[in-house]
Amino acid sequence: MQEITTSPVQSGKPNLKLLAEQVIVITGATSGIGLATARAASKAGAKVVVAARSSADVQRLAAELSATNPALGVVCDVSREDDVQNLAQQAIERFRGFDTWVNNAGVSIYGRIEDVDIDDMRRLFETNYWGVVNGSLAALDHLKARGGAIINIGSALSERVIPLQGTYCASKFAVRGFTDALRMEIEKSGYPIAVTLVKPAAIDTPYVQHAKNYLPQEPKNPPPVYAPEVVAEVILHCAITPERDRYAGGGAATGFGWLEKLLPRATDRVMEAVFFDQQQKNEPARPRGDASLYQPSDPSLQERGGYEGMVIPVSPYDK
């Protein structure tokens with residue numbers, strides 16, 4: 001089926017619709033931030049295209065969302081360009097196009113850089129970086145005529161790295177660089193697309209459980225930790241309001257950015273003293289194999305990761 005296009009809208013000015021008028025594509029939609037965003041978008045009246053690697057999970061989620069608004073589930077490994085192109089085409093064929101594309105899929109690794117296998121590092125980049133590239137280019141091809149939003153999910157760790165998650169941090173720095181360059185090129189071309197980087201703080205999702213772990217102890221999120229709904233609200237705000245970048249869980253995230261700019265060496269010292277212990281529980285690491293690095297892993301269709309400390313439900317900064 002040929003792609004359905006519209007005539008170009010006003011050059012250079014993003015053309016963003018109300019949520020109830022949108023079709024929103026979300027990768028990594030069956031867990032954590034992606035799942036919270038898909039549910040919130042559907043509740044707000046949007047038609048949602050949810051994508052993930054597990055066929056069973058995307059179909060279950062699409063069926064759940066369809067009870068509120070039309071939804072579509074598509075099996076997609078974002079590291080595969082053909083999968084991502086198929087995702088875009090499926091959205092076009094079902095809903096005659098899409099208006100917002102959210103590049104959310106991601107994986108992580110805990111461990112000292114010297115201990116992590118190079119193949120695992122490459123696999124993480126295939127998902128976290130190349131998945132964003134694949135999704136952004138597929139979205140750009142469709143949106144440059146009709147207008148819309150490309151929203152890439154980065155991290156507060158693209159402002160300031162922390163130890164024991166070096167490969168993940170590096171991938172998010174790459175996402176930040178790619179997103180900033182893409183935005184400038186889109187603006188120069190006059191395409192009516194808003195390109196936004198959303199940078200979450202630590203969020204209570206299954207992120208930790210899904211990460212491959214090289215540590216002798218079970219990993220954990222360092223506080224403060226926010227609810228995934230905080231990020232979902234920021235993402236949906238950016239779907240209707242052009243933004244360059246936005247933190248989600250602002251208190252912690254902005255703090256990282258300012259510490260890096262003002263006191264980088266002192267921040268190194270503090271993190272060396274604190275962040276090794278703050279990211280490990282006092283219990284042996286559980287067996288998890290490669291976790292979700294190479295294939296989907298349980299739990300599925302869960303927004304929360306069961307963080308044992310306080311989870312902050314609202315971010316006044318973001319409000």
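Report on the accompanying structure. (Residues numbered from 1 in each chain as written. Predicted model: local features only at pLDDT ≥ 70, side-chain atom pairs only at ≥ 80, totals over all residues. Heavy atoms only, no water.)

Within the protein chain, the regular secondary structure consists of 10 helices and 13 strands. Computed over the C-alpha atoms, the radius of gyration of the protein chain is 19 Å, within 12% of the 20 Å expected from 2.2 N^0.38 for a compact globule of 319 residues. The principal-axis extents of the C-alpha atoms in the protein chain amount to approximately 55 × 45 × 35 Å. Here the protein chain, with 319 residues, has 55% of them falling under the buried criterion. If you take every contact in the protein chain between residues at least 6 apart in sequence, the share linking residues at least 24 apart comes to 76%. About 13,800 Å² of surface is accessible on the protein chain, with carbon and sulfur atoms providing 52% of the total. (Helix = DSSP H or I, 4+ residues; strand = E, 2+ residues; numbered from the N terminus. Rg over C-alpha atoms; globule rule 2.2 N^0.38 Å. Buried < 20%, exposed > 50% of the residue type's maximum accessible area, 1.4 Å probe, protein only. Contact = heavy atoms within 4.5 Å. Areas by Shrake-Rupley, 256 points an atom, 1.4 Å probe, with all protein chains shown as cover.)

Moving on, we come to the packing of aromatic side chains. For any pair of aromatic rings, the description consists of the separation of the ring centres together with the inter-plane angle of the planes. The full count for this structure, using the stated rule, is 5 aromatic pairs. A ring pair is formed by tyrosine 129 and tryptophan 130, whose centres lie 5.0 Å apart and whose planes are at 75°; its orientation type is edge-to-face. Tyrosine 129 gets classed as buried once you look at its relative accessible area, which sits at 18%. For tryptophan 130, a relative accessible area of 41% corresponds to the partly exposed category. (Phe/Tyr/Trp six-rings, centres within 6.5 Å; stacked < 30°, edge-to-face > 60°.)

Further remarks concern the pairing of strand 3 (residues 71-75). Where a strand is regular, its side chains alternate between the two sheet faces. Within strand 3, 4 of the 5 residues are buried, leaving the element largely enclosed by the surrounding structure. The pairing of strand 2 (residues 47-52) with strand 3 spans 5 bridges and is classified as parallel. Following the sheet pairing, valine 50 is matched in strand 3 by glycine 73. Once the chain exits strand 2 it traverses helix 2 (residues 55-66) before rejoining the sheet at strand 3, and the crossover so formed is right-handed. (Pairing = 2+ DSSP bridges. Right-handed = clockwise from strand over helix to strand, strands pointing away.)

Our next topic: the side chain of asparagine 104. Secondary-structure assignment places asparagine 104 in the loop between strand 4 (100-103) and strand 5 (109-110). Residue asparagine 104 is classed as buried on the basis of its relative accessible area of 12%. Each residue touching asparagine 104, except ones within four places of it in the same chain, is listed here: Thr27, Gly28, Ile33, Gly34 and Ile153.

In this section: the sheet that holds strand 11 (residues 245-248). Taken together, 7 strands build an open sheet; the order of strands is 3-2-1-4-6-7-11 and the sheet is parallel. Every interior strand has two partners, whereas the edge strands, strand 3 and strand 11, have only one. Across the sheet, the mean angle from the axis of one strand to that of its neighbour is 15°, orientation sign disregarded. Relative to strand 7 (residues 193-200), strand 6 (residues 148-153) runs parallel, the two sharing 6 bridges. Residue pairing in the sheet places alanine 149 in a bridge with alanine 194 of strand 7. (Axes fitted to C-alpha atoms, helices over the stretch in contact; angles between N-to-C directions.)

Here we take up the packing of helix 1 (residues 32-43) against helix 8 (residues 228-240). The N-to-C vectors of helix 1 and helix 8 enclose an angle of 55°; their axes lie 8 Å apart at closest approach. Looking at the two axes, helix 1 sits oblique to helix 8. Where helix 1 crosses over helix 8, the two elements pack in a sense that is right-handed. Residue-level inspection shows Gly32, Ile33, Ala36, Thr37, Ala40 and Ala41 of helix 1 in contact with helix 8, the latter providing Pro228, Glu229, Val231, Ala232, Ile235 and Leu236. When its residues are assigned to classes, the contact of helix 1 with helix 8 shows 9 nonpolar, 2 polar and 1 charged. (Parallel < 35°, antiparallel > 145°, perpendicular 65-115°, else oblique. Left-handed = near helix turned anticlockwise from the far one by under 90°. Nonpolar A, V, L, I, M, F, W, Y, C, P; charged D, E, K, R; others polar.)

Counting through the fold element by element, serine 155 comes out in the loop between strand 6 and helix 6 (166-189). Given the relative accessible area of 6%, serine 155 is considered buried. In this structure, serine 155 is in contact with Tyr168, Lys172, Val198, Lys199 and Pro200, ignoring residues within four places of it in sequence. A distance of 2.9 Å separates a polar side-chain atom of serine 155 from the backbone nitrogen of leucine 157. (Polar contact = N/O pair within 3.5 Å; in protein donor to acceptor, adjacent residues only side chain to side chain.)

Bringing a nonpolar patch on the surface into the picture now. Together, Trp258, Leu259, Leu262 and Leu263 make up an exposed nonpolar region whose accessible area comes to about 450 Å². Here leucine 262 shows up in helix 9 (residues 250-262). Overall, leucine 262 belongs to the exposed group, its relative accessible area being 60%. (Patch = residues over 30% accessible without salt bridge, like charges linked within 9 Å, V, L, I, M, F, W, Y side chains within 5 Å. Salt bridge = Lys/Arg side-chain N within 4 Å of Asp/Glu carboxyl O.)

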